[in-house]
Structure formats: structure tokens, C-alpha cells
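So you can see what is in the structure, the chains are spelled out below.
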Amino acid sequence: QLQASGGGLVQAGGSLRLSCTASGRTFDSYIMGWFRQAPGKEREFVAAITRLGGGTTYAPSVKGRFTISRDNAKNTVYLQMNSLEPEDTALYYCAADYRRSWITTSESAFDYWGQGTQVTVSS
């Protein structure tokens, strides 16, 4: 199971850090990703990180502002979000891919999903 937290209301230009904690003992076997879904829009890829944290991929819209990281000892993946914009308002989901050793941005590649945490950025 994946449990996401850290969402909230923040003004434009502000920062938030999302966390996602996984249960179980095989966290370092999963590629971890973050996706988001804004009202009326399809869910979209945000960022992903390889099993040991050596590789990351970002959506162009967040590159340079968001940073994904993981602490395998704590079974937790993070998404540090800086310079937030109203367009970042969405429900953010963490997800795990246990089948691949490389990052793919397709949500169909991710097998387990958290419940989502709401991020709202006011202008």
C-alpha cells in the first residue's frame, strides 16, 4: 500500500513537499513516480525515480521546479515542489512500478497507486 501526504493550500511562488510511504519490505524494488490530475483533465505524469535513486525523469512543465527523491530505509519517496504556480493545482498521486528497471512515463506501467493528496495553489 502507498500512503501519500503533504498536500495543502499554498500561495503562488511557495513550496510544498509531498511524501509517499510504502508498506512492505521490497520498496527498493520499485520505480516510484508521481502523477497529478487537475479538475476536468486527465491524469498526467509529473516525475519518477529509479530503484536506488540514481536516475530521475520530469515532465517539462515541472522540470527545474520539482525534485523527486527517495529514502529506501524509510520506504518513502518525496516530491519537493518549489515556485508553485496555480497551474500546479491538482490531486497528486504516488505510484510504484515493480516490473521494470527503467523509467517510463506511462501511467499504465505503474502497478500500485496511493490515494492522492490535494495541492491547491492560489494566485
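My aim in this report is to walk through the structure given alongside it, one point at a time.

**Comments concerning the nonpolar core**
M32, W34, L79, M81 and Y92 are the most contacted members of the largest nonpolar core, which has 38 residues in total. Here L79 is in contact with L16, R17, L18, W34, V46, A47, F66, T67, I68 and Y92, once residues within four sequence places are set aside.

**Side note on unusual backbone geometry**
In this structure, N75 takes a positive phi of about 55° despite not being glycine. Among the secondary structure elements, N75 is positioned in the loop between β7 (66-71) and β8 (76-81). Given a relative accessible area of 16%, N75 falls into the buried group. If you check the backbone angles, S83 has positive phi at about 50° while not being a glycine. Turning to its location among the elements, S83 is positioned in the loop between β8 and β9 (90-97).

Cut-off values and rules
- Residues numbered from 1 in each chain as written.
- Predicted model: local features only at pLDDT ≥ 70, side-chain atom pairs only at ≥ 80, totals over all residues.
- Heavy atoms only, no water.
- Core = buried A, V, L, I, M, F, W, Y, C linked by side-chain atoms within 4.5 Å.
- Buried < 20%, exposed > 50% of the residue type's maximum accessible area, 1.4 Å probe, protein only.
- Contact = heavy atoms within 4.5 Å.
- Helix = DSSP H or I, 4+ residues; strand = E, 2+ residues; numbered from the N terminus.

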